[in-house]
Amino acid sequence: MLTFDKLKIVVSASDCIDNINLNKFSTISKNGVVTEYKYQQVSPYQLYIEKDVTDNEVIIEFTGKILGARYSELINQTNIRQCLQNLNTLELCNLDIDTILNEGKVVKADVTIDTEYPDITSLTKELQSCIKNNERYTAVNKRGNFIVEKNVKTKNRKLRLTIYDKEQEMSLQDNQRWLQTLDEAEAKTFNDYFKNKIRFELNLNSVKAIKDWLCISDNSLSSV
């Protein structure tokens, strides 16, 4: 079963969102007519919600941390409804979950898996040595992340794989802030769960990449 740490979903039905909290959302107008409502946060986890009145669509982007105590499951077909239900509990707006599940299209996806491995340094060195075509791929270490990218200019053909120490990443300030939203027992469970865990994250940032790499004929949420 595929698991994801981030999804960006577009729904061509602006009426699948209502009860927008205008104290939280930014209201964008043109010539005195409201065109968009937007909400964005980066901490304690990333979340973006937009209602585009002009284009009659809703855009939702969120990470696996919306699952709270179920975060270790990552986003998958068994908990996607729970993700949307948890969004509704934030009292930012009310989402029509069934419409999103049935009509949503995925336009970005981070395919993710966590696995236990004792030495990320030796692993990434070995992986780097396996890349023979340096014109086609680049492999670099950036701030503790090992990143392999495909050297292309066209957005549809871009591809990036990131490998990093998830236990170390959970010690960062934003992640510690997120852990503080859980009760003490749940936070301890996560600290134990991520010990010696390495995360592999494949960023699919176009519809073509999603269809090609997931081997699906369309980018509907149900297919993904």
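Because the structure is predicted, anything quoted here is derived from the model rather than measured. (Residues numbered from 1 in each chain as written. Predicted model: local features only at pLDDT ≥ 70, side-chain atom pairs only at ≥ 80, totals over all residues. Heavy atoms only, no water.)

Observations concerning the overall build of the chain
And then number 1: For the chain, the helix and strand inventory stands at seven helices and twelve strands.
And then number 2: Taken along the three principal axes of its C-alpha coordinates, the chain extends 55 × 45 × 30 Å.
And then number 3: Split into buried and exposed, the 224 residues of the chain put 45% on the buried side.
And then number 4: The long-range share in the chain, meaning contacts at least 24 apart out of those at least 6 apart in sequence, stands at 62%.
And then number 5: Looking at the chain as shown, the accessible area adds up to about 12600 Å², and 45% of this sits on carbon and sulfur atoms.
And then number 6: Across the chain, 30 positive and 32 negative side-chain charges occur, with their mean positions spaced 7 Å apart. (Helix = DSSP H or I, 4+ residues; strand = E, 2+ residues; numbered from the N terminus. Buried < 20%, exposed > 50% of the residue type's maximum accessible area, 1.4 Å probe, protein only. Contact = heavy atoms within 4.5 Å. Areas by Shrake-Rupley, 256 points an atom, 1.4 Å probe, with all protein chains shown as cover. Lys, Arg positive; Asp, Glu negative; His and termini not counted. Charge placed at Lys NZ, Arg CZ, Asp CG, Glu CD.)

What to know about the packing of aromatic side chains
And then number 1: Following the criterion strictly, the structure yields seven aromatic pairs and no others.
And then number 2: Ring centres of tyrosine 71 and phenylalanine 194 lie 6.0 Å apart, and the angle between their planes is 50 degrees; on these two criteria the pair is classed as tilted. With a gap of 123 residues between them, tyrosine 71 in the loop between strand E6 (57-63) and helix H1 (80-88) and phenylalanine 194 in the loop between helix H6 (184-193) and strand E12 (197-204) connect regions that are remote in the sequence.
And then number 3: Taking the relative accessible area as the measure of exposure, tyrosine 71 reaches 0% and is therefore buried.
And then number 4: Ring geometry for tyrosine 193 and phenylalanine 194: centres 5.0 Å apart, planes at 80 degrees, overall edge-to-face. (Phe/Tyr/Trp six-rings, centres within 6.5 Å; stacked < 30°, edge-to-face > 60°.)

Here we look at the nonpolar core
And then number 1: Judged by nonpolar contacts, the single largest core of 51 residues is most densely connected at Leu7, Phe62 and Ile100.
And then number 2: Excluding residues within four positions of it along the chain, phenylalanine 62 makes contact with Asp5, Lys6, Leu7, Ile9, Gln46, Leu47, Ile75, Ile80, Cys83, Leu84 and Leu87.
And then number 3: Of all hydrophobic cores here, the second largest spans eight residues; its members include Leu123, Ile131, Phe146 and Ile198. (Core = buried A, V, L, I, M, F, W, Y, C linked by side-chain atoms within 4.5 Å.)

Comments concerning the pairing of E12
And then number 1: Among the eight residues that make up E12, seven are buried, leaving the element largely enclosed by the rest of the structure.
And then number 2: Across eight bridges, strand E8 (residues 105-116) lies against E12 in antiparallel orientation. Following the sheet pairing, valine 111 is matched in E12 by leucine 202.
And then number 3: Bridge count between strand E11 (residues 160-165) and E12: six bridges; the pairing is antiparallel. Its bridge partner lying in E12, arginine 160 is registered against asparagine 203. (Pairing = 2+ DSSP bridges.)

Section: the state of the cysteines
And then number 1: Summed over all chains, the structure comprises zero disulfides.
And then number 2: Between cysteine 83, a free cysteine, and cysteine 93, which holds the nearest cysteine sulfur, the sulfur-to-sulfur gap is 15 Å. (Disulfide = S-S within 2.5 Å.)

Considering helix H3 (residues 120-129)
And then number 1: Among the residues of H3, Ile120, Leu123 and Thr124 are the ones counted as buried. Along the long axis of H3, the arc covered by the buried residues comes to 90 degrees, so they all point the same way. Every exposed residue of H3 that faces more than 90 degrees away from the buried side is listed here: Lys125 and Glu126.
And then number 2: Contacts from the buried residues of H3 go to strand E10 (145-150), E11 and E12.
And then number 3: The N-capping residue of H3, defined by a side-chain oxygen 3.2 Å from the backbone nitrogen of threonine 121, is aspartate 119. (Arc of directions from axis to C-beta. Polar contact = N/O pair within 3.5 Å; in protein donor to acceptor, adjacent residues only side chain to side chain.)

Structural notes on the environment of leucine 87
And then number 1: Residue placement: leucine 87 occurs in helix H1.
And then number 2: As for leucine 87 and valine 34, which are separated by 53 residues in sequence, their C-alpha atoms are 24 Å apart.
And then number 3: Those residues in contact with leucine 87 that sit more than four places away from it in its chain are Leu47, Ile60, Phe62, Ile66 and Leu95.

Regarding the environment of valine 42
And then number 1: Assignment of secondary structure puts valine 42 in the loop between strand E4 (33-41) and strand E5 (47-52).
And then number 2: Put simply, valine 42 and isoleucine 60 are 18 residues apart on the chain and 14 Å apart in space, counted from C-alpha to C-alpha.

That is the geometry; function is a separate question.
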